[in-house]
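So the chains spell out like this:
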Amino acid sequence: MTQDTGLRSHVFWLYGVIVGLAIKEGLSEVLPHLFTKSVQPFYHLLEGARLLVFLILIIRFYLGAVKFFSDAYDCVEAGSSYTSKNYFIDFLIGFFHFLFFFALAISIDIHDRPLWLYPVLLAGILVYDVPWLAVNWYNDTYHLIKLWTFVNVGTLLVGACLYLTLPNMGVSTAKAEASALLIVLIVSLIDIGEIVTDKEIFATGLKRLTSRTPDPPISAP
């Protein structure tokens, strides 16, 4: 391990501190409400759903950050593949990204926060990869970021469509939000599985969707 790699491993602990504080804030905001009676029981369920999505999402992005910095900066094989990169910019963008999660944790509370605040902050977290991709446009690490950007922006568009259109069909705003959160939850769980197992689930699906070559016909037995 080089001196720079050792320094990066210590600096990366700052992410862990922010993640830990954000999780603590989210739990302290919601858990007291879940064990009290409410005149609107569905709001209890919505707060629980918000908390669950928050926890899964922050774990997903933390693991994703670990994988990104490992692939781009720490792996010997990556050293020759990603020669054009900027650790300071990548670290700083990630740092502020996790600060967004701290704000998201505070916004989970439905009783003392505006109902729209959590969806807006969640949208900001999902679209955050776009400026990150933009500043890495001429770096080799662009290729590590572009798939995550595509998946997160796609998730945002589908979730926003449900959140904005379902109320026009007579569905309450809270239930519309729950439907959008389900999309975020499913994508996040798939992405965590991809990171943990090192299988290219999204990449394989994207290649199939964009491939112009039809699948070979199945021969008769």
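Each remark here, short or long, concerns the structure printed above.
Owing to the predicted nature of the structure, the values given are computational and were not obtained by experimental measurement.

Side note on the overall build of the protein
Of the regular secondary structure elements, the protein holds ten helices and zero strands. For the protein, the N- to C-terminal ordering of α and β elements is α-α-α-α-α-α-α-α-α-α. Counting across all 221 residues of the protein, residues that qualify as buried make up 39%. Expressed as a percentage of contacts within the protein between residues at least 6 apart in sequence, the contacts between residues at least 24 apart total 72%.

Description of the packing of helix α6 (residues 117-127) against helix α8 (residues 142-165)
Relative orientation of the contacting elements α6 and α8 amounts to 155°, with a least axis distance of 8 Å. Taken together, the axes of α6 and α8 lie roughly antiparallel to each other. Across from Pro119, Ala123, Leu126 and Val127 in α6, the residues of α8 making contact are Asn152, Val153, Thr155, Leu156 and Tyr163. Class assignment for the residues of the contact of α6 with α8 results in seven nonpolar, two polar and no charged.

Regarding the pattern of salt bridges
Throughout the structure, instances matching the rule amount to three salt bridges. Aspartate 191 serves as the salt-bridge partner of arginine 60, at 2.7 Å between the closest nitrogen and oxygen. With arginine 60 in helix α3 (residues 41-74) and aspartate 191 in helix α9 (residues 173-197), this residue pair connects regions lying 131 residues apart in the sequence. Pair check on accessibility: arginine 60 and aspartate 191 agree, each one buried. The salt bridge involving lysine 67 is made with aspartate 71; its shortest N-O contact spans 3.2 Å. Of this pair, lysine 67 and aspartate 71 both sit in helix α3, four residues apart, which is roughly one turn of the helix.

A word on the nonpolar core
Ranked by size, the top nonpolar core spans 47 residues in total, and within it Phe54, Phe68 and Phe101 carry the most contacts. Counting residues per element, the ones that place at least two in this core are α2 (13-34), α3, α5 (87-107), α6, α7 (129-135), α8 and α9. Here this core gets 13 residues from one element, more than from any other, and that element is α3. What phenylalanine 54 contacts, discounting residues up to four positions off in sequence, is Ala22, Ile23, Gly26, Phe101, Leu104, Ala105, Ile108 and Tyr118.

Some details on α5
With 21 residues, α5 should reach 30 Å at 1.5 Å per residue; the first-to-last C-alpha distance of 31 Å fits that figure. Residues Tyr87, Asp90, Phe91, Ile93, Gly94, His97, Phe98, Phe101, Leu104, Ala105 and Ser107 constitute the buried set of α5. The residue sitting at the N-terminus of α5 and contributing the capping side-chain oxygen is asparagine 86; that oxygen lies 3.2 Å from the backbone nitrogen of phenylalanine 88.

Thoughts on the packing of aromatic side chains
Scanning the entire structure with this criterion turns up 17 aromatic pairs. Seen in terms of ring centroids, tyrosine 15 and phenylalanine 91 are 5.0 Å apart; in terms of plane orientation they differ by 5°. Their pairing is stacked. Here tyrosine 15, found in helix α2, pairs with phenylalanine 91, found in helix α5; they are 76 residues apart in sequence, far enough to count as distant. Accessibility expressed as a relative area gives 0% for tyrosine 15, which makes it buried. Given the relative accessible area of 11%, phenylalanine 91 is considered buried.

Points about the packing of α5 against α6
One can describe the packing of α5 onto α6 by two numbers: an axis separation of 9 Å at closest approach and a directional angle of 165°. Of the possible angle classes, the one that applies to α5 and α6 is roughly antiparallel. Both α5 and α6 take part in a crossing whose hand is left-handed. Seen from α5, the contacting residues are His97, Phe100, Phe101, Ala103, Leu104 and Ser107; seen from α6, they are Leu117, Tyr118, Leu121, Leu122 and Ile125. Here the contact of α5 with α6 is built from residues that sort into nine nonpolar, two polar and no charged.

Procedures and definitions
Residues numbered from 1 in each chain as written. Predicted model: local features only at pLDDT ≥ 70, side-chain atom pairs only at ≥ 80, totals over all residues. Heavy atoms only, no water. Helix = DSSP H or I, 4+ residues; strand = E, 2+ residues; numbered from the N terminus. Buried < 20%, exposed > 50% of the residue type's maximum accessible area, 1.4 Å probe, protein only. Contact = heavy atoms within 4.5 Å. Axes fitted to C-alpha atoms, helices over the stretch in contact; angles between N-to-C directions. Parallel < 35°, antiparallel > 145°, perpendicular 65-115°, else oblique. Nonpolar A, V, L, I, M, F, W, Y, C, P; charged D, E, K, R; others polar. Salt bridge = Lys/Arg side-chain N within 4 Å of Asp/Glu carboxyl O. Core = buried A, V, L, I, M, F, W, Y, C linked by side-chain atoms within 4.5 Å. Expected span 1.5 Å × (residues − 1). Polar contact = N/O pair within 3.5 Å; in protein donor to acceptor, adjacent residues only side chain to side chain. Phe/Tyr/Trp six-rings, centres within 6.5 Å; stacked < 30°, edge-to-face > 60°. Left-handed = near helix turned anticlockwise from the far one by under 90°.

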